[in-house]
Every structure is written in structure tokens, then in C-alpha cells.
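Breakdown of the fold
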Amino acid sequence: MADDRYTILSMMLATVITPPTSAQMRATAPETEAPCCSVKLTCQGEGQGEGSGAGVGTECGASLGGSRYVKLETFMGKEMLSIREYYEQGGELKPGKKGITLAPEQWAALKTGAASVSRALKNSEDFELKLSGTRKVSVGTYRGEIRADVREWYSKGAELLPGKKGMSLSQTAWGVLESYLEGVQPAEAGGGIGGGG
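Read on for an overview of the structure. (Residues numbered from 1 in each chain as written. Predicted model: local features only at pLDDT ≥ 70, side-chain atom pairs only at ≥ 80, totals over all residues. Heavy atoms only, no water.)

Here we look at the packing of aromatic side chains
This model, assessed by the stated rule, comprises one aromatic pair. For the ring pair Tyr 69 and Tyr 86, a centre distance of 5.8 Å and an interplane angle of 85 degrees mean the geometry is edge-to-face. You can see Tyr 69 sitting in strand β3 (residues 68–75) and its partner Tyr 86 sitting in strand β4 (residues 78–89), a full 17 residues away along the chain. As far as burial versus exposure is concerned, Tyr 69 and Tyr 86 are alike and both buried. (Phe/Tyr/Trp six-rings, centres within 6.5 Å; stacked < 30°, edge-to-face > 60°. Helix = DSSP H or I, 4+ residues; strand = E, 2+ residues; numbered from the N terminus. Buried < 20%, exposed > 50% of the residue type's maximum accessible area, 1.4 Å probe, protein only.)

Following this line, the structure appears as C-alpha cells:
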């Protein structure tokens, strides 16, 4: 059954559709995480400008369920990977405080280690994937459910503690994130959305 869900998810992620309006999201998005079959890929501004190359000036993302999304965002000329909850204001979706944005080298590390995280989730094993000096993905059990936590950590004395910047993902949401990562490349590695090396 997991293979069937992965196949359906892969087919759905291959189809680009227009982003839903805020009203459509309210009408269709459940308060809890959505099953994998309701995953939507959204893109705005694809292919802007002549010869602009894939991923330049684009914002593409996938729903992780409810108001959570993973998407590429350009900030100061760098493509950043944002894993974040969104809220509605004035009929528009805006990024909320809850979440984390990863620099190209951090999401390259996330992409490289994604299969190991998936394996740990599947086998219900504790696991850590270091993304930078202060950021990592931790796999562990929280309230009886195995989850992948993408988070920034801070030092307090000799102890390393989880910070507020981050997002805890269910296995389903992690599967969506992993599939999304398969279709994108950090700019240094050959460019943005669907970019090849």
C-alpha cells in the first residue's frame, strides 16, 4: 500500500496546477494533515523572462496538509526552501512564524539525506541528519507517533536544546517533502525547479 501511495503522490507532483485561492483552501483544507492523495503542487511565475532558466523568479510548493507548505522562495537572490505554516490576511496567504527556511547548502544536505530520514521513519528508528552547525532533522517518537522534526537548535551551557524555528512532520508530510525535493536543485548544484546538474 505504501508503494501505491508513493506512485500516486509522484504522479500528482508531476502535474503543475494553479495555486488555490484562500477561499478554496478554506473550503477544502482540513484542520488536520491531509492524506497524500490531496497533495497539490503550486507554481507562480514559472518561466519569467526570456532565457531565465528554470526556477529563476519562481515560487513553487507542495501542500504538507492543512495550512503547511514547502516551497522555494527567492530571498536576496538566493533560492531558499521554506517549510512553513501560512495564514490568511486580506484574502491572501501569508507566511507565519511557525516554520523554518533553509539556505541552499542546508536544503542540499536535506535532499542528500532524505532517503536515510525516510528509512528511519519507516523502521521507527531514532535518527539525526545534520544540515548545518545549528540545524538538523531528528526522527523520533512524539505523543506515540514517529515524526521527522526539521529544526534549529541552540546551546544552553553544555546542553543542546530545540529552538522555536522548525516544523515537526508526520510520515505522510515527510513523504511529500521528500518527493518535492526530488524535483528541485539548489542553484549552486545546477539551478532551481526541475534543474539538472
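Details of the pairing of strand β6 (residues 127–130)
Note: β6 against strand β7 (residues 135–142), four bridges, orientation antiparallel. Note that in β7 the partner of Phe 127 across the bridge is Val 139. As consecutive antiparallel partners, β6 and β7 are separated by four residues. (Pairing = 2+ DSSP bridges.)

A few points about the side chain of Ser 138
Residue placement: Ser 138 occurs in strand β7. Take Ser 138: its relative accessible area is 13%, and that puts it in the buried class. Those residues in contact with Ser 138 that sit more than four places away from it in its chain are Phe 127, Glu 128, Arg 147, Ala 148, Asp 149 and Trp 153. (Contact = heavy atoms within 4.5 Å.)

Description of the sheet that holds strand β8 (residues 145–156)
An order of β6-β7-β8-β9 is seen for the four strands of this open sheet, with the pairing classed as antiparallel. Each of the sheet's edge strands pairs with one partner strand only, and the pair in question is β6 and β9 (159–169). Taken pair by pair, the neighbouring strands of this sheet meet at an average axis angle of 35 degrees, ignoring direction. Pairing analysis gives eight bridges linking β8 to β9, with the strands arranged antiparallel. (Axes fitted to C-alpha atoms, helices over the stretch in contact; angles between N-to-C directions.)

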